[in-house]
Amino acid sequence: MTYLNRKMSENHLRENRKNGVLYFTFPAFDALPYLTHGFSSRIGGVSEHELAQMNLSFTRGDDPERVRENFHRIAAAIGFPYDRMVFSYQTHTTNVREVTENDCGKGYLRERDYQDVDGLVTNVPGVVLTTFYADCVPLFFVDPVHKAIGLSHSGWRGTVNDIAGATVRKMRERYGTNPSELIAAIGPSICQDCYEVGEDVISEVRKQYPEALWTILYSGKEAEKTDGQKNTSEGSDPKYQLNLWECCRQNMLLAGLCFENITVTDLCTCCNPEIFFSHRASHGKRGNLAGFLALKE
């Protein structure tokens, strides 16, 4: 077993190893026989230095052949064909794209004919939704009634602008999804203890969420004080600890999901820099993790 700094007493993610590749799954999804899913770690790939080992990005300066080998390894470990992946095109939007058989390979084997897409949905078996992370929040959605799925990338901008709700609305529009029947999961990402933000971010949080939720969405600490007065020098603005996990859960609840159908991660990417890539922990010198979700053929 790998040492993991978990944030809760209960393990909400399952650790899996195959051929030296470490990845994680949600027990709630493991129980669904028609589903393939996983979230990568940095263990088991061939990339080097700050990108070691399982870098899943072609845009971080890595050797493309190493990245391809990493994708082959994670695909074999989780159990899906690598040529069935469909990549997002993440720019911190709330745009959600429906993808089909015709999209397989886009982003990996051929160019994407779309941009500004942070969420993907499908009801086509065999299509592997693929999104990327290094502290931002992966959001997994499964409609067990209509056999449809969604996978979205939620940074702080996507969170306050509610990409979770946008994904649910797209699934309802395209597949007739009833939000109360969705099974959802919030994947490994930065925890509240590690995610310090400024007034600019918190002001956006206050605009989007009712005041009754503020105390569970963020905590604050005053700037340093001098002689009993708030220090107004450069760099002394108030700082806050933002709970993206809870923000995303509240977005899901607002979209109509049932509390008991939402699994919240217990693994922070920043608390586990040997296991996960973390933009904050590495000061930007890192590779990418990826989430994968597919209906079995």
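Please refer to the structure higher up on the page.
In this text, all values refer to a predicted model and were calculated from it rather than measured experimentally.

## Things to note about the pattern of salt bridges
Here is step 1: In this structure the tally under the stated criterion is 16 salt bridges.
Here is step 2: With a closest N to O distance of 3.8 Å, D113 and R97 form a salt bridge. Of the two residues, D113 sits in the loop between β5 (96-98) and β6 (119-122) while R97 sits in strand β5, which places them 16 residues apart along the sequence.
Here is step 3: A relative accessible area of 25% places R97 in the partly exposed class.
Here is step 4: A salt bridge links E246 to R249; the shortest N-O distance between them is 2.8 Å. Taken as a pair, E246 and R249 lie in helix α7 (residues 244-254) at a separation of three residues, close to a single helical turn.
Here is step 5: Overall, E246 belongs to the buried group, its relative accessible area being 11%.
Here is step 6: Among the charged side chains, a network of salt bridges with common partners joins R97, D103, K106 and D113.

## Examining the nonpolar core
Here is step 1: In this structure, L139, F141, I186, L242, M252 and L257 are the most contacted members of the largest nonpolar core, which totals 41 residues.
Here is step 2: In terms of residue count, the dominant contributor to this core is helix α4 (residues 163-175) (six residues).
Here is step 3: Not counting the four nearest positions on each side in its chain, M252 is found in contact with L139, F141, A164, A184, A185, I186, L257 and I262.
Here is step 4: Judged by nonpolar contacts, the second largest core, of 36 residues, contains Y114, C136, L267 and L295.

## Points about the side chain of N251
Here is step 1: Topologically, N251 is positioned in helix α7.
Here is step 2: A relative accessible area of 5% places N251 in the buried class.
Here is step 3: Here the side chain of N251 touches T159 through a polar contact of 2.9 Å, landing on its backbone oxygen.
Here is step 4: Not counting residues within four places of it along the chain, the set of residues in contact with N251 comprises T159, D162, A164 and Y209.

What counts, and where the lines are drawn
- Residues numbered from 1 in each chain as written.
- Predicted model: local features only at pLDDT ≥ 70, side-chain atom pairs only at ≥ 80, totals over all residues.
- Heavy atoms only, no water.
- Salt bridge = Lys/Arg side-chain N within 4 Å of Asp/Glu carboxyl O.
- Helix = DSSP H or I, 4+ residues; strand = E, 2+ residues; numbered from the N terminus.
- Buried < 20%, exposed > 50% of the residue type's maximum accessible area, 1.4 Å probe, protein only.
- Core = buried A, V, L, I, M, F, W, Y, C linked by side-chain atoms within 4.5 Å.
- Contact = heavy atoms within 4.5 Å.
- Polar contact = N/O pair within 3.5 Å; in protein donor to acceptor, adjacent residues only side chain to side chain.

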